[in-house]
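Listed below are the residues making up each chain.
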Amino acid sequence: MSKLRLAGIVKESIVDGPGLRLAMFAQGCPHKCRGCHNPETHPFEGGSEYTVSQILDMAVANPLLDGLTLSGGEPFAQAEAFGELARGAQARGLSVWTYTGYVWEELAGITGEKQEGIDLLLRNTDVLVDGRYEESKRDYTLRFRGSSNQRMIDVTKSLEGGKVVEL
């Protein structure tokens, strides 16, 4: 079973996507956005290790959850394990939101050994919030995003149509 290195978990979040969500924050981020509200997630060292099974057990233990939110740090830095987690969550009827500092077009352009994990995570994500946080574009009126350059993408429709479809 794959393992995840997490900076933290919020078992009942109402700010990381719609409804009641199990939100987890990946340990490690290559973007290191200025003004990030989770700077403690930037180093790839630290955090705590969890198996995908442990996280899924947490999710199933709370029948009130609407879904999982994968945030960071950068979930795509651990794409294969987060992809397995997302697949397991969807199989249990939970929605999956994934936050990333990459933009859709960057993720689509990554090739090689990492592509399989990236594809797995994308295919099992319902909504992707993409783009680095830009402090100069901070906007407190946006729902579920920190800066106006970030997009909320319907992943299923985007994959089917071959182009980004925003919510």
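In this report, the structure presented in the accompanying data block is examined. (Residues numbered from 1 in each chain as written. Predicted model: local features only at pLDDT ≥ 70, side-chain atom pairs only at ≥ 80, totals over all residues. Heavy atoms only, no water.)

### Side note on helix α4 (residues 115–123)
Every α-helical turn comprises 3.6 residues, leaving residues that sit three or four positions apart pointing alike.
Moving on, step 1. Those residues of α4 lying buried are Q115, G117, I118, L120, L121 and L122.
Moving on, step 2. Buried residues belonging to α4 abut β4 (67–71), α2 (79–91), β5 (95–99), α3 (104–109), β6 (127–130) and α5 (155–161). (Buried < 20%, exposed > 50% of the residue type's maximum accessible area, 1.4 Å probe, protein only. Helix = DSSP H or I, 4+ residues; strand = E, 2+ residues; numbered from the N terminus. Contact = heavy atoms within 4.5 Å.)

### Let's talk about the packing of α2 against α4
Moving on, step 1. At a closest axis distance of 8 Å, the pairing of α2 and α4 adopts a crossing angle of 25 degrees. When the axis of α2 is compared with that of α4, the two are roughly parallel. As α2 packs across α4, the resulting crossing turns out to be left-handed. Across the interface between the two elements, A79, E80, F82, G83, E84, A86, R87 and Q90 from α2 touch G117, I118, L120, L121 and R123 from α4.
Moving on, step 2. A breakdown of the residues in the contact of α2 with α4 according to their chemical character gives six nonpolar, three polar and four charged. (Axes fitted to C-alpha atoms, helices over the stretch in contact; angles between N-to-C directions. Parallel < 35°, antiparallel > 145°, perpendicular 65-115°, else oblique. Left-handed = near helix turned anticlockwise from the far one by under 90°. Nonpolar A, V, L, I, M, F, W, Y, C, P; charged D, E, K, R; others polar.)

### What about the sheet that holds strand β2 (residues 21–26)?
Moving on, step 1. If you trace the seven strands from one edge of the open sheet to the other, you get β3-β1-β2-β4-β5-β6-β7, paired in mixed fashion. Edge positions in the sheet fall to β3 (48–51) and β7 (151–154), since each has one partner strand and no second. With strand direction ignored, the average angle separating the axes of adjacent strands in the sheet is 30 degrees.
Moving on, step 2. In terms of strand pairing, β4 meets β5 through four bridges, oriented parallel. Opposite L68, over in β5, you have V96 as the bridge partner.
Moving on, step 3. The sheet strands contacting helix α1 (residues 52–60) are β1 (3–13), β2, β3 and β4, and the helix crosses β3 at an angle near 75 degrees. (Pairing = 2+ DSSP bridges.)

### What about the nonpolar core?
Moving on, step 1. Counting 31 residues, the largest nonpolar core has M24, L68, F76, F82 and L85 as the members making the most contacts within it.
Moving on, step 2. Listed by contribution, the elements that provide at least two residues to this core are β1, β2, α1, β4, α2, α3 and α4.
Moving on, step 3. When near neighbours in sequence (up to four residues on either side) are disregarded, F82 contacts L4, L6, M24, A26, L70, P75 and L121.
Moving on, step 4. Residues W97, Y99, V129 and F144 belong to the second largest nonpolar core, which totals six residues. (Core = buried A, V, L, I, M, F, W, Y, C linked by side-chain atoms within 4.5 Å.)

### Quick look at α2
Moving on, step 1. Between its terminal C-alpha atoms α2 stretches 18 Å, which fits the 18 Å expected from 13 residues at 1.5 Å a residue.
Moving on, step 2. Along α2, the residues that are buried comprise A79, A81, F82, G83, E84, L85, A86, G88 and A89.
Moving on, step 3. Looking at the packing, one finds that the buried side of α2 touches β1, β2, α1, β4, β5 and α4.
Moving on, step 4. One or two residues past the end of α2 sits G93, with phi positive at roughly 80 degrees. (Expected span 1.5 Å × (residues − 1).)

### Here's the deal with the pattern of salt bridges
Moving on, step 1. What the rule picks out here adds up to seven salt bridges.
Moving on, step 2. R151 is paired through a salt bridge with E105; the nearest N and O atoms lie 2.8 Å apart. Here the residue R151 occupies a position in strand β7, and E105 occupies one in helix α3, the gap between them amounting to 46 residues.
Moving on, step 3. Overall, E105 belongs to the partly exposed group, its relative accessible area being 45%.
Moving on, step 4. One salt bridge connects K137 with E134, and the closest N-O pair in it is separated by 3.4 Å.
Moving on, step 5. Connected via shared salt-bridge partners are K3, R5 and E49. (Salt bridge = Lys/Arg side-chain N within 4 Å of Asp/Glu carboxyl O.)

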